[in-house]
Amino acid sequence: PVNSPAARRRHPAALLLLLLGALAIVGTIYALVNTSTAARAAGPVLSETVVEEGRALYLVGCSSCHGLNGEGTSVAPSLIGAGAASVHFQVATGRMPLAAPMVQVERKEPSYSEPEVTALAAYIATLGPGPAIPTAEQLDTTNADLAVGGELFRTNCAQCHNFAGSGAALTEGKYAPSLMDATPQEVYEAMLTGPQNMPVFGDGTLTVGEKQDILKYVGHLQTQTQPGGASLGSFGPVTEGAMIFTLGFGLLAAAAVWIGAKLR
């Protein structure tokens, strides 16, 4: 019969309704997963009020360069998927907001308070999944291995930041900054997000445990004194050799002048 259940199932309208139902189910699941991921990317569970505060701060201080919705412009990159960790690193260290494009974004006094930085990070995290602000457990170096951290640092970091973590020059006016004033959270966030010329060291490259080892070693570098006297920037044999060369020839020249004066 035409009105039988089998006939209704074969009707083109039934197929359309089935397709729309499947799309609705998939869309609902995607929305739930995406919301959950964005919430995790923000770190701690934050209220909608904090996110709205972050959006208000963003519209005033960031949207002129990054776009009204974080989509990016010709002068600044998109922040969709940048993650809360990237925002916290850039804003808490005063690197952002930036008055004008420049070769090297330098550390300076932050323009925002810590609650405002948290609000900005929470808002940007809602734009798309990205690296989350590290937790206290991730920053805990109690069980970290200092020796392993030293090996990892010399393998992955010393080429740019110098073996002593004092920073070094790169190309075209850029440089790797000193780590002497960096907090463990800032170092961890830099590894997660790869600011400027730094590569990203995600958990697939360096595990959480290896990052903790590096944090412990950087903390060790920050507490070291200079038993030999002046550090000369801790740049190694180049500056040390130049100083010895300059002082040595200076003393020889002074001695030659003194001897010549005595002979006359």
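The structure this text deals with has already been given above.
Starting from 1, residues in each chain are numbered consecutively following that chain's sequence as written. Confidence filtering applies because this is a predicted model: local features only for residues at pLDDT of at least 70, side-chain atom pairs given and counted only at 80 or more, and all residues used for totals across whole chains, interfaces and linings. Side-chain figures throughout are based on the complete set of non-hydrogen atoms in the structure, without hydrogens or water.

A look at the pattern of salt bridges
Any carboxyl oxygen of Asp or Glu that lies within 4 Å of a side-chain nitrogen of Lys or Arg is treated as forming a salt bridge with it. Per the counting criterion, the structure on display carries 2 salt bridges. Between E186 and R107 there is a salt bridge, with the nearest N and O atoms lying 3.0 Å from each other. Residue E186 is located in helix α10 (residues 184–193), and its partner R107 is located in the loop between α5 (84–92) and α6 (114–125); the two are separated by 79 residues in the primary sequence. Of the charged contacts in the structure, one is a salt bridge between D203 and K211, with a shortest N-O distance of 2.9 Å. Exposure categories follow from relative accessible area, calculated using a 1.4 Å probe and restricted to protein chains: below 20% of the type maximum is buried, above 50% is exposed, and the middle band is partly exposed. Residue D203 is classed as partly exposed on the basis of its relative accessible area of 44%. Secondary structure elements are taken from DSSP: a helix is a run of H or I of four residues or more, a strand is a run of E of two residues or more, and numbering for both begins at the N terminus.

Observations regarding the packing of α5 against α10
Helix packing for two helices is described by the angle between their axes and how far apart those axes are. Two numbers describe how α5 lies on α10: the axes approach to 9 Å, and their chain directions differ by 130 degrees. Looking at the two axes, α5 sits oblique to α10. By crossing handedness, the relation of α5 to α10 is classed as left-handed. Each of A85, S86, H88 and F89 in α5 lies in contact with α10, whose residues at this interface are Q185, E186, E189, A190, L192 and T193. Residue classes follow a fixed rule: Ala, Val, Leu, Ile, Met, Phe, Trp, Tyr, Cys and Pro count as nonpolar, while Asp, Glu, Lys and Arg count as charged, and any other residue, Gly among them, counts as polar. Residues belonging to the contact of α5 with α10 are distributed by class as follows: 4 nonpolar, 4 polar and 2 charged. To get an axis, a line is fitted to the C-alpha atoms, and for a helix only the part in contact is used. The angle between two axes follows their N-to-C directions and goes from 0 to 180 degrees. We call two directions roughly parallel when the angle between them is under 35 degrees, roughly antiparallel when it is over 145, roughly perpendicular when it lies between 65 and 115, and oblique otherwise. Definitions for this section: a left-handed crossing has its near helix turned counterclockwise from the far helix by less than a right angle. A right-handed crossing has that turn clockwise. The criterion used for residue contact is that any of the two residues' heavy atoms lie within 4.5 Å.

Digging into the environment of C157
Here C157 shows up in the loop between α8 (146–156) and α9 (158–161). Residue classification places C157 among the buried residues on the basis of a relative accessible area of 12%. C-alpha separation for the pair C157 and P199, spaced 42 residues apart in sequence, amounts to 10.0 Å. Setting aside chain neighbours within four positions, we find C157 in contact with L152 and N162.

Keep in mind these numbers describe shape, not what the thing actually does.
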